[in-house]
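Residue-level structural notes
Spelled out, the chains give:
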Amino acid sequence: MLEAENLETGYGPMQILWGITIKAEKQSITTIIGPNGAGKTTILRAIMGMIQPWNGKITYDGDDVTMLPPHKKVERGLSMVLEGRHLFGGMTVKENLILGAYTKQARERLDDSLEIVYTLFPILKERSTQKAGTLSGGQQQMLAIARALMTRPKLIMLDEPSQGLAPIVVEQVMDTLKKLREELEITILLVEQNVLVSYHTADYTYIIENGQVVKEGEPSECIDIQEIRKAYLGV
Amino acid sequence: MVFFEQLAGNLLYGIILGAVYGLATMGLSQIFGVLKIVNVGHGAFIMVGAYVAYWMFVLYSVNPILSIPVALVIGLALGLGIFYIVIRRLIGAPELASLLATFGIGIFIEEVAKFFWGPDHRGFSWNIGQVDFGITLIPNTKLLAFFSSVIIALILYMLFQRTRIGAAIRAVVEDREGAMVCGIDVSRIYAMSFGIGIAMTVIGGILLTLFIPVGINPYMGGEYTLKAFVIAVLGGLGSPWGAFIGGFIFGLLENGSYTILGLIPGVEPFSLTRFVAFSALLVILLVKPTGLMGGE
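Residues numbered from 1 in each chain as written. Chains lettered and ligands numbered in written order. Predicted model: local features only at pLDDT ≥ 70, side-chain atom pairs only at ≥ 80, totals over all residues. Heavy atoms only, no water.

1. A word on a nonpolar patch on the surface
Residues and elements named next belong to chain B. On the surface, Phe-108, Val-112, Phe-115, Phe-116 and Trp-117 cluster together into a nonpolar patch covering about 580 Å² of accessible area. Along the polypeptide, Phe-116 turns up in helix α4 (residues 95–117). Classification of Phe-116 as exposed rests on a relative accessible area of 60%. (Patch = residues over 30% accessible without salt bridge, like charges linked within 9 Å, V, L, I, M, F, W, Y side chains within 5 Å. Areas by Shrake-Rupley, 256 points an atom, 1.4 Å probe, with all protein chains shown as cover. Salt bridge = Lys/Arg side-chain N within 4 Å of Asp/Glu carboxyl O. Helix = DSSP H or I, 4+ residues; strand = E, 2+ residues; numbered from the N terminus. Buried < 20%, exposed > 50% of the residue type's maximum accessible area, 1.4 Å probe, protein only.)

Below is the structure:
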């Protein structure tokens with residue numbers, strides 16, 4: 001579905017990614033984990049086209065999309081939920097959703113998309129006339145995911161969707177992601193700081209350190225759950 | 001009683017001129033709101049509008065109101081051209097770079113205008129009668145300028161609130177990256193916003209010629225750059241609607257103070273109006289630093 005080969009990029013003179021190769025198989029949940037500053041967010045931004053790759057190749061759905069700008073990628077069914085959500089805070093929930101359906105293909109299916117999104121997140125229907133900036137953190141995350149769904153994506157990339165949310169809300173978000181995969185057949189590429197969440201949600205995991213993949217595999221293979229329990233919980 | 005009649009008359013004039021001030025500033029606020037670039041060369045585009053009005057009138061006997069569509073086309077072309085040649089490279093650059101660049105563009109346009117049209121003042125006179133409001137006489141040309149400004153501002157408001165492109169522009173203003181992941185072509189929105197912003201400024205320049213008794217010249221814009229900054233800040237920099245309201249406030253301050261200062265013996269009121277307007281700006285900024293209409 002999506003493949004990044006030997007991706008290299010950075011900001012200004014500073015190189016962040018040193019030859020990253022990752023893959024997201026169709027209808028899978030793939031997670032990227034690693035410490036702060038390892039380059040996880042940069043990988044997603046480079047794939048989306050928000051920063052330009054210096055080197056390497058990105059293939060999506062069989063096409064080379066390395067140099068396409070973000071809006072062209074959205075048109076092809078690639079969407080992203082940014083870290084910090086990046087909603088239009090001064091606009092209503094519904095206005096946010098309608099802007100999600102900005103591309104031509106998405107606009108034609110606007111009503112259908114709204115129904116899907118409202119079924120998935122009934123709370124957004126209740127709050128549809130409320131300003132997005134006044135929603136709670138969890139609701140804002142739902143709206144960010146819903147807005148991404150409005151673009152009618154085949155693949156969604158999410159950057160730390162659990163950040164700043166209570167554990168119970170994190171669980172809801174992860175359940176939603178599983179639902180998206182099963183019911184809407186969407187492929188998911190997830191950057192996650194929370195290793196335990198990643199462990200329980202992912203089909204495949206990449207561990208990134210200093211801009212390189214240091215380990216990959218199914219979560220049970222590449223994450224040492226005992227060690228994480230020790231590190232996180234001290235047991 | 002004479003005093004109050006004079007004051008009322010000047011305030012009425014202030015409202016009429018204020019609408020045109022507002023329109024002539026909306027472009028500055030629009031460009032800052034979307035691109036986060038302060039167009040220091042703003043006044044040069046006002047001057048371009050004034051010359052459009054002048055030449056259309058002198059060469060083709062087309063009156064300034066009917067020249068508005070011409071200004072729209074010239075403004076859009078000028079704005080898009082400058083965007084793709086210069087401004088595109090300045091998005092996200094340090095502020096000093098964009099300030100110097102827009103300052104330079106302004107000087108360049110002024111010098112080109114001087115090269116072709118010379119440094120002298122030129123004027124034209126368009127007289128189509130006047131309306132007696134009891135307290136004062138207002139020429140019909142100025143009333144037409146007033147109504148044109150209000151109508152153009154309303155059209156822009158509808159464009160922003162009711163169309164898909166307008167929603168996309170508002171989205172970019174609120175959150176650039178959020179707009180990107182919605183599939184909005186942000187660089188195209190930048191280009192359009194800059195083009196529309198310059199077109200509004202050029203149109204503002206056309207209408208301002210109806211208020212300039214001494215005529216126009218290539219360096220006339222500087223004064224309007226200053227006024228536009230005051231008005232934009234009054235309206236909360238970045239909001240075109242705020243700027244439109246700010247124009248009214250500025251017009252009222254400028255013309256109201258004229259009457260009041262005239263009461264002080266030994267004071268030449270006209271030379272002090274700008275002082276009063278800028279003092280008001282200082283007071284407003286002290287009380288509410290985000291501008292009168294500004295948000296957080």
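2. With respect to helix α11 (residues 269–287) of chain B
All names here are of chain B. Over its 19 residues, α11 runs 26 Å from end to end, which matches the ideal 27 Å to within 8%, given 1.5 Å per residue. Along α11, the positions that sit buried rather than exposed are Pro-269, Thr-273, Ala-277, Ala-280, Leu-281 and Ile-284. Mapping the buried residues of α11 onto a view down its axis gives an arc of 135°, with all of them on the same face. For α11, exposure combined with an orientation more than 90 degrees from the buried face picks out Ser-271, Phe-275, Leu-282 and Leu-286. Here the buried face of α11 lies against α9 (221–234) and α10 (240–261). (Expected span 1.5 Å × (residues − 1). Arc of directions from axis to C-beta. Contact = heavy atoms within 4.5 Å.)

3. Considerations on the sheet that holds strand β4 (residues 55–60) of chain A
Residues and elements named next belong to chain A. With antiparallel pairing, four strands are arranged side by side in an open sheet as β2-β1-β4-β5. Bordering the open sheet on either side are β2 (14–24) and β5 (63–64), each of which pairs with just one other strand. Here eight bridges tie strand β1 (residues 2–11) to β2, and the two strands are oriented antiparallel to one another. What sits directly across from Tyr-11, in β2, is Met-14. Each of β1, β2 and β4 touches helix α1 (residues 40–48); the most contacted strand, β1, lies at about 110° to it. (Pairing = 2+ DSSP bridges. Axes fitted to C-alpha atoms, helices over the stretch in contact; angles between N-to-C directions.)

4. A word on the nonpolar core
Of all hydrophobic cores here, the largest spans 117 residues; its most connected members are Leu2(A), Ile22(A), Ile47(A), Leu35(B), Ile87(B) and Ile184(B). If one sorts the elements of this core by residue count, helix α8 (residues 186–208) of chain B sits on top with 13 residues. Both domains that furnish three or more residues to this core are identified here as domain 1 (2–77 + 153–233) and domain 2 (86–151) of chain A. Among residues more than four places away in sequence, those in contact with Ile22(A) are Leu2(A), Glu3(A), Ala4(A), Ile32(A), Ile43(A), Ile47(A), Leu189(A), Tyr206(A) and Val213(A). If you look at the next biggest cluster of nonpolar residues, it comprises 37 residues, including Leu114(A), Phe121(A), Leu165(A) and Val169(A). (Core = buried A, V, L, I, M, F, W, Y, C linked by side-chain atoms within 4.5 Å. Domains from an automatic or database assignment.)

5. Focus on the environment of Tyr60(A)
Residues and elements named next belong to chain A. Looking at the secondary structure, you find Tyr-60 in strand β4. Along the chain, Tyr-60 and Lys-73 lie 13 residues apart, while their C-alpha atoms are 9.2 Å from each other. Among all residues touching Tyr-60, those that are not within four sequence positions of it are Met-1, Leu-2, Val-65, Arg-76, Gly-77, Leu-78, Lys-154 and Leu-155. At 3.0 Å, the side chain of Tyr-60 and the backbone oxygen of Arg-76 are in polar contact. A distance of 3.1 Å separates the side chain of Tyr-60 from the backbone oxygen of Gly-77, its partner in a polar contact. (Polar contact = N/O pair within 3.5 Å; in protein donor to acceptor, adjacent residues only side chain to side chain.)

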